[in-house]
Protein chains: 2
Amino acid sequence: MSDSVATDRIFNFSAGPAVLPLAVLQEVQRDLLALPGAGASVLEISHRSKQFGEILEQAQRRIGELLNVPENYKIMFLQGGSRLQFSMVPMNLLRDQSGPAEYLVTGSWGKKALEQAHLEGTAKTTWDGKSTNYNRLPESSEIEIDPQAAYVYYTSNETIQGVQFATEPEVGDIPLVCDASSDFMSRPLPMDRYGLLYACAQKNAGPAGVTVVIIRDDLLERSQKNLPGYLNYREHVDNNSMYNTPPTFGVYVMGLVAKWLQEEVGGLQAMHERNQAKAAQLYAAIEASGGFYTGHAEPSARSLMNVTFRLPSDELTEAFVAAAAAENLGSLKGHRSVGGIRASIYNAMPEAGVETLVRFMQDFCAKHG
Amino acid sequence: MSDSVATDRIFNFSAGPAVLPLAVLQEVQRDLLALPGAGASVLEISHRSKQFGEILEQAQRRIGELLNVPENYKIMFLQGGSRLQFSMVPMNLLRDQSGPAEYLVTGSWGKKALEQAHLEGTAKTTWDGKSTNYNRLPESSEIEIDPQAAYVYYTSNETIQGVQFATEPEVGDIPLVCDASSDFMSRPLPMDRYGLLYACAQKNAGPAGVTVVIIRDDLLERSQKNLPGYLNYREHVDNNSMYNTPPTFGVYVMGLVAKWLQEEVGGLQAMHERNQAKAAQLYAAIEASGGFYTGHAEPSARSLMNVTFRLPSDELTEAFVAAAAAENLGSLKGHRSVGGIRASIYNAMPEAGVETLVRFMQDFCAKHG
């Protein structure tokens, strides 16, 4: 059964929800009617059951191991996606603080996060890449932070523009808050440099509908009692993600993805090297095209997750997307706000997918360039 | 494959997440690696893809057809469960209104909803069943509503106590708001009597992680611009549940459940009759036990979804749960706040499950009564 269906699968370059490891999908499929030992589907078991307790504990443990999360951090599984975090971060970490929140706006998602922060307190645009259409990242010398700042917020990878921080911005002792939605678990991180890091799962880590939040526990003291219950990080930590019914299936799949990273890939350093190799092939193809393809991001800001580039005309872009789809290379159209092409090559995109796309790009350029 | 796995399935009386129709699980399993025509799993396709657009549209259409939802109502798919609705309802419908919100508290969930409403505005305890441990519902004569009330809120079925409204409370022209999480799509409803009705899916309608909200469109005018984006009903309606990435898998499964209700069950009246017949068997077994089993709810308030009863002692209760589990009757332990036994017999619980439980109850009573 799985063989015949697997051949129906295309190379899926969707920016999210996005490709998942085939081995994970196969395990989900195998156990869909009855989780071993449970007598019921993972979709049907109580979140208070022993089986789900183990699923949650293992997902937390594996994510903690992969990212070397220190003991004084808590890992939560929430709902509402990044959009809800755009509000929960300032509601929990900014209210009644003496200093402002500082936002590094390096693309569309950072901009939307800042808009929500303005509704909750004093939030500053510390840096904004708008003037160059978000094709680069700030230099250290461009970032000036209030020493009283409540936190510094940034987006490690901007999915739409395809720009990614290679390392964390320098913020001293100010808590660093990161939206890592689109590069979560794609590489090792020095977690002790973060105050809070969150990621909606549907890029590198699982299906839509579950968001991981990792918080340094001293920051929980900022969450005030009069916050709406679901929006209070402390409630979720005190109840170990069981303040209400968690998105059980999403947690389950995320745990399987983490298991795949540990047992099949060999950890985040190995994953990072694979991701670097995949991205390098695509950027090399862009550069070798003699100007037929032009990358959006400056070389120093290039994303390993979302490779964004343009063709000489809208007609050629449309022809490219259509011809690629005919060769089972799917979802390559760029986001409507940027245009052009976007190849999202998250963890689970196999090297064969990238190689096929590179050959396609070369052929297309040879024909139309 | 499905046959052998299906025999591993027990009768699952979990209160939620809960049993789903086997035909739905089989379709999810069949298409898990590649949704027909998509070349990718439903877990992997973009929420902006044509395929997911159809999934969302069909889920909305089928739910609308099943419940006869009038044209001037909108159907949204959100995240965050009932807990987030406890806050979103007053944030959207109570702020800057001249009258209070009126809450009918008939069990644990209504009580928690009221606690959250107090944080957002003036909310009144219009009725509270605490004095009889939430075993009954209010009479019409016990409900006195401020003619200026912003809305009247109630919980159609209280999962923990097992009490259910057979019909809507009379509230005249005041918008009626209903938490229908645990009896959604279990019976036909006069939707035009509701201002807003919501349900988290993990009882009768799908997996955990998706919440349906059905709102009469004039009420959207109350949602203020300065609400946090994700918490604003108007944002979700304006974007047709695409304000951010919706919980795509949950919407997909919910659509399949709605299809099962339409095509296999024959609609909500047929479903309601099945549910009445199942519940009648269990309540008859309680009454025929000569006092060995005692129901929690007064007969007029009995839930068709969650049948709650006690045994003569805690020891017998534990023995009952253990012996039932040994006969593949799972998750019968009552909620810790009420104790005793709770048999949740949602839509997807087959009649055979109820019949097996009834026989088990008779045998257990004969042995220990």
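The paragraphs below set out a description of the structure included in this document. As the structure is a computational prediction, the values presented were derived from the model and not from experiment.

1. So, the pairing of strand E14 (residues 341-344) of chain A
All names here are of chain A.
- Burial along E14 is two-sided: the face carrying Ile341 and Ala343 and the face carrying Arg342 and Ser344 are both buried.
- Here strand E12 (residues 306-310) pairs with E14 via four bridges, running antiparallel. Note that in E14 the partner of Thr308 across the bridge is Arg342.

2. Concerning the interface of chain A and chain B
- Across the boundary between the two partners, chain A contributes 60 residues, which contact 60 residues of chain B.
- Summed over both partners, the interface of chain A with chain B comes to about 4700 Å²; 62% of that surface belongs to carbon and sulfur atoms.
- In terms of surface lost to chain B, no three residues of chain A exceed Leu33(A), Leu43(A) and Glu44(A), which account for 16% of the buried area on that side.
- Residues Arg9(B) and Glu44(A) are paired through a salt bridge, measuring 2.8 Å at the closest nitrogen-oxygen approach.
- Viewed at the interface, chain B and chain A are joined by 23 residue pairs in polar contact (both at pLDDT 80 or more).
- The set of elements that each furnish at least two residues to the side of chain A that touches chain B consists of helix H1 (2-6), helix H2 (22-30), helix H4 (81-93), helix H5 (108-120) and helix H7 (248-265) of chain A.
- With six residues, H2(A) is the single largest residue contributor to the side of chain A that touches chain B.

3. Points about unusual backbone geometry
- Between Gly16(A) and the following residue, Pro17(A), the backbone shows a cis peptide bond with an omega angle of -15°.
- Tracing the backbone shows Pro17(A) in the loop between strand E1 (11-12) and H2.
- For Asn68(A), which is not glycine, the phi dihedral falls at a positive 50°.
- Note on placement: Asn68(A) falls in the loop between helix H3 (50-66) and strand E2 (73-78).
- Residue classification places Asn68(A) among the exposed positions, given a relative accessible area of 63%.
- Backbone geometry places Asn328(B), a non-glycine residue, at a positive phi of 65°.
- Here Asn328(B) lies in the loop between helix H9 (314-326) and strand E13 (329-330).

4. Side note on the sheet that holds E14(A)
All names here are of chain A.
- Within the open sheet, the three strands sit side by side as E11-E12-E14. Their pairing is antiparallel. Two strands in the sheet have a free side with no partner beyond their single neighbour: strand E11 (294-295) and E14.
- Sheet strands touched by helix H8 (residues 268-287): E11, E12 and E14. Its angle to E12, the strand with the most contacts, is close to 10°.

5. Overview of the relation of the copies chain A and chain B
- Each copy superposes on the other: chain A lies on chain B with an RMSD of 0.0 Å after a rotation of 180° and an axial shift of 0.0 Å. The relationship between the two copies is best expressed as a two-fold rotation axis.
- Mapped onto chain B, 100% of the interface residues of chain A again fall at the interface, so both copies present the same surface.

6. Notes on H7(A)
All names here are of chain A.
- End to end, H7 covers 25 Å across 18 residues, agreeing with the expected 26 Å (1.5 Å per residue, within 8%).
- Buried residues dominate H7, accounting for 14 of its 18 residues.
- Phi turns positive one or two residues past the end of H7, at Gly266, with a value near 100°.

7. Let's talk about empty space enclosed by the protein
- Evaluation of the coordinates by the stated rule reveals two cavities of 30 Å³ or more.
- Counting only elements with at least two residues in the lining of the largest cavity, the list comes to H7 of chain A together with helix H7 (248-265) of chain B.
- Ranked by residue count, the leading element in the lining of the largest cavity is H7(A), at three residues.
- Grouping the amino acids of the lining of the largest cavity by side-chain chemistry returns nine nonpolar, five polar and no charged.
- Counted as a void, the second largest cavity has a volume near 30 Å³.

Criteria and thresholds
- Residues numbered from 1 in each chain as written.
- Chains lettered and ligands numbered in written order.
- Predicted model: local features only at pLDDT ≥ 70, side-chain atom pairs only at ≥ 80, totals over all residues.
- Heavy atoms only, no water.
- Buried < 20%, exposed > 50% of the residue type's maximum accessible area, 1.4 Å probe, protein only.
- Helix = DSSP H or I, 4+ residues; strand = E, 2+ residues; numbered from the N terminus.
- Pairing = 2+ DSSP bridges.
- Contact = heavy atoms within 4.5 Å.
- Buried area = accessible area lost by both parts, 1.4 Å probe.
- Salt bridge = Lys/Arg side-chain N within 4 Å of Asp/Glu carboxyl O.
- Polar contact = N/O pair within 3.5 Å; in protein donor to acceptor, adjacent residues only side chain to side chain.
- Axes fitted to C-alpha atoms, helices over the stretch in contact; angles between N-to-C directions.
- Least-squares fit on C-alpha atoms with pLDDT ≥ 70 in both.
- Expected span 1.5 Å × (residues − 1).
- 1 Å grid on protein atoms, 1.4 Å probe; cavity = no way out; pocket = protein on both sides within 12 Å on 5 of 7 lines; lining within 4 Å.
- Points joined across faces, edges and corners; volume = space filled by probe spheres on them.
- Nonpolar A, V, L, I, M, F, W, Y, C, P; charged D, E, K, R; others polar.

Bear in mind that shape data such as this cannot, by itself, settle questions of function.
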